[in-house]
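Observations on the model geometry
Letter by letter, the chains look like this.
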Amino acid sequence: MTRIVTVETRDLGCGECQTSCKACEQLNK
Amino acid sequence: MIHCYQFDGLNIVLDCYSGSIHMVDKVAYDMIRWYENLPAEEVISKAVEKHGISREDAEECIADIDDLKTAGKLYAPDKYEHLAKDFRKKNIKIKALCLHVAHTCNLNCSYCFASQGKYHGERAIMSYEVGKRAIDFLIENSGFHKNLDIDFFGGEPLMNWDVCKQLVAYGREQEKLHNKNIRFTLTTNGILLDDEVTEFCNKEMHNVVLSLDGRKEVNDRFRVDYAGHGSYDRIVPNFQKFVAKRGDKSYYMRGTFTHYNTDFLNDIKQMLDLGFNELSMEPVVTDPSSPSAITKEDLPVIFGQYEDLARLMVERYNEGRPFTFYHYMLDLTCGPCIYKRIAGCGSGTEYLAVTPWGDLYPCHQFVGDEAYRMGSIYEGVLNTELRDKFASCNAYSRPECKDCWAKLYCSGGCAANSYHASGDINGVYEMGCDIFRKRIECAIAVKLLTSGLEQPGNG
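Residues numbered from 1 in each chain as written. Chains lettered and ligands numbered in written order. Predicted model: local features only at pLDDT ≥ 70, side-chain atom pairs only at ≥ 80, totals over all residues. Heavy atoms only, no water.

1. Points about the overall build of chain B
To be explicit about the condition: In DSSP terms, a helix is any run of H or I states spanning at least four residues, a strand is any run of E spanning at least two, and both are numbered starting from the N terminus. As a reference, a globule follows 2.2 Å times the number of residues to the power 0.38, and the radius of gyration itself is taken over C-alpha atoms. We call a residue buried when its accessible area falls under 20% of the maximum for its residue type, exposed when it is over 50%, and partly exposed in between, using a 1.4 Å probe and counting protein chains only. Contacts are assigned to residue pairs that have any heavy atoms within 4.5 Å of one another.
Helix and strand counts for chain B come out as 16 helices and 15 strands. At 24 Å, chain B has a C-alpha radius of gyration in line with the 23 Å of a compact globule built from 459 residues. Taking the principal axes of its C-alpha atoms as reference, chain B extends roughly 75 × 50 × 45 Å. Out of the 459 residues belonging to chain B, those deemed buried represent 58%. Looking at chain B alone, contacts between residues at least 24 apart form 69% of all its contacts between residues at least 6 apart.

Take a look at the structure:
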């Protein structure tokens, strides 16, 4: 029986993402 | 550190330092929580006793948990604190400016954090020359950054619209010369939003924020003109025409909820009924002594509204009528890197606000507070001590955040909120933290409930 389902998440610096206060730019090219 | 919570039949386990998310059945939900502090043998015995499962079943579950632990997806240790110490200090390049093109407004909203757009000063309009110098200042100080953000803000920026357009033209000219990509954005109350503005925005503005508080009686309680007349009937048709022409470009219908409308889900539903699908509804930023301020007693109602909002989003997603809520937007697979998660918005370092006369402040919420003036677009950032204080402000800078599971989602929160709540940018705005944690729980639940993933059985 499957008791645990692990959801795909990013495995935890270019600075090109939009400033957020009022997606990662590299991975979503 | 892990965080376990339940939402509408989902058992959810968040692993703080790996960023992993697990959906589990009720047996694993208990065992994962117990295993954080108890030895395996004791966890197995408790699971057998509480859930009536066989010992073999419990051992199998512990083995699965151990596998996740070995893979670094459960009980992961904190490996990032050292990154927080000098990340910002090493990389102080400016990549975003909030241009206060108008310290004046054609509305007179009593809850406005910017004191009706004047920021506790005199009315003022930014000249083209000041704006042009601000763009030069940004490019000169942007270093390695290719993507730069410029937001037209106020007050009401459309009261200085010709200058906005001239500055966009200048920015487009300069970005080519310097190999930059400038994203222009605009926030407006909609009073002056006409066909000409719409056409220009659809060509040039990366994102446009339209201020509307939802239901007519809610919007017109605060969002009134200087004669005291509500704005709803004037702005809604303008917004509907704008959105109809916006195509697939970004916009946000952005509302504020206060102590008077903690049932803000009804305002979100009103926005949906008006045909808007990109929505944002924020708690008011105001003096805690104000009658419109959110109170501790409001929190249970607000939390219930966030949960019901999550249910509405799932329901409409399943019906093929999805909508976006700003705070529930999470990109799980391609989301922010650890540096962004630690460092947050970059106020006072890579993001600065520019007044109509060219003074620099850490962000729009500090404008008008002379103690937070950092310099000007002519002389640069002079108050480097203040800049360094903001550079050190992150997910690890507050002792209160040490044991908070959400710190790598909030990045330590908003410096301005902390300052207004505690008098120190490294203080804590506890009510803001409570609200943030609830929103992240709901946001993750929405992602899981709309992911198409099969949920684990309930053993």
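We are not done yet, so read on.
2. Quick look at the state of the cysteines
Rule in force here: The disulfide criterion used throughout: a pair of cysteine sulfur atoms within 2.5 Å.
Evaluated as defined, the whole model comprises 0 disulfides over all chains. Take Cys14(A): it sits in no disulfide, and the sulfur closest to it among the cysteines is that of Cys24(A), at 5.8 Å. As a non-bridged cysteine, Cys201(B) has Cys164(B) as the owner of its nearest cysteine sulfur, 8.9 Å distant.

3. Observations regarding a nonpolar patch on the surface
Residues and elements named next belong to chain B. So the rule is basically this: Patch members must show over 30% relative accessible area and no salt bridge, and they are joined within 9 Å when carrying like charges or within 5 Å when they are nonpolar side chains of Val, Leu, Ile, Met, Phe, Trp or Tyr. Here the Shrake-Rupley method, with its probe set to 1.4 Å, supplies the accessible areas, and only the displayed protein chains count as covering residues. The salt bridge definition used is simple: a Lys or Arg side-chain nitrogen within 4 Å of an Asp or Glu carboxyl oxygen.
Nonpolar side chains collect at one region of the surface, where Ile-125, Met-159 and Leu-192 lie side by side and expose about 230 Å² of accessible area between them. Looking at where Met-159 falls in the secondary structure, it is placed in the loop between strand S6 (147-154) and helix H6 (161-178). Taking relative accessible area as the criterion, Met-159 reaches 34% and is therefore assigned partly exposed.

4. Quick notes on the interface of chain A and chain B
Inclusion rule: Here a polar contact means two N or O atoms within 3.5 Å. Within protein one must be a hydrogen donor candidate and the other an acceptor candidate, and residues neighboring in sequence count only if both atoms are side-chain atoms. Only strands joined by at least two bridges in the DSSP assignment are considered to pair.
In this assembly, 26 residues from chain A lie in contact with 57 residues from chain B. Linking chain A with chain B are 2 salt bridges, by the criterion used here. For Asp25(B), the salt bridge identified is with Arg3(A), shortest N-O distance 2.5 Å. Across the chain A-chain B interface, the total number found is 14 residue pairs in polar contact (both at pLDDT 80 or more). The pairing of strand S1 (residues 4-7) of chain A with strand S3 (residues 21-24) of chain B spans 4 bridges and is antiparallel.

5. Quick notes on the confidence of the model for chain B
Heads up, the condition is: The pLDDT value expresses, per residue, how confident the predictor is, ranging between 0 and 100.
Of the residues in chain B, 98% reach a pLDDT of 70 or more, and the chain-wide mean stands at 91. Model confidence for chain B, summarised as mean pLDDT per element, is weakest for helix H4 (residues 81-90) of chain B at 69 and strongest for strand S14 (residues 375-376) of chain B at 98.

6. Quick word on the pairing of S6(B)
Residue and element names in this part refer to chain B. Stated precisely, the cut-off is as follows: The handedness rule is simple: strands pointing away from the viewer, and a clockwise path from the first strand over the helix to the second, make the crossover right-handed.
Within S6, 8 of the 8 residues are buried, leaving the element largely enclosed by the surrounding structure. Here 6 bridges tie strand S4 (residues 96-103) to S6, and the two strands are oriented parallel to one another. Bridging across to S6, His-100 finds its partner in Phe-153. Bridge count for S6 against strand S7 (residues 181-188) is 6 bridges, and the pairing is parallel. Bridging across to S7, Asp-149 finds its partner in Arg-183. Where the polypeptide runs from S6 across H6 and back to S7, its parallel neighbour, the crossover connection is right-handed.

7. Examining the sheet that holds S3(B)
Selection criterion: Note on method: axes are straight lines fitted to C-alpha atoms, helices fitted across the in-contact stretch only, with angles between N-to-C directions ranging 0 to 180 degrees.
In space, the 4 strands of this open sheet follow the order S1(A)-S3(B)-S2(B)-S1(B), with antiparallel pairing throughout. Among the strands making up the open sheet, the edge pair consists of S1 of chain A together with strand S1 (2-7) of chain B. Each strand of the sheet is rotated relative to its neighbour by a mean of 25°, with strand direction disregarded. Bridge analysis of strand S2 (residues 10-15) of chain B against S3(B) gives 4 bridges, and the strand direction is antiparallel. Each bridged residue has a counterpart across the sheet, and for Leu14(B) the counterpart in S3(B) is Ile21(B).

8. Re the pattern of salt bridges
Residues and elements named next belong to chain B. Throughout the structure, instances matching the rule amount to 31 salt bridges over all chains. Arg-311 is the salt-bridge partner of Glu-307, the closest N and O atoms lying 3.9 Å from each other. Separated by 4 residues within a single helix, Glu-307 and Arg-311 lie in helix H11 (residues 299-318), roughly one turn from each other. What makes Arg-311 partly exposed here is its relative accessible area of 31%. Two residues, Glu-319 and Arg-321, come together in a salt bridge whose shortest N-O distance is 2.7 Å. The network of salt bridges with shared partners includes Asp-8, Glu-307, Asp-308, Arg-311, Lys-438 and Glu-441.

9. Section: the side chain of Asn202(B)
Residue and element names in this part refer to chain B. By the secondary structure assignment, Asn-202 is in helix H7 (residues 195-204). Taking relative accessible area as the criterion, Asn-202 reaches 17% and is therefore assigned buried. Within polar-contact distance, the side chain of Asn-202 engages the backbone oxygen of Lys-245 at 2.9 Å. Beyond its immediate sequence surroundings of up to four residues, Asn-202 is in contact with Phe-242, Lys-245, Arg-246 and Lys-249.

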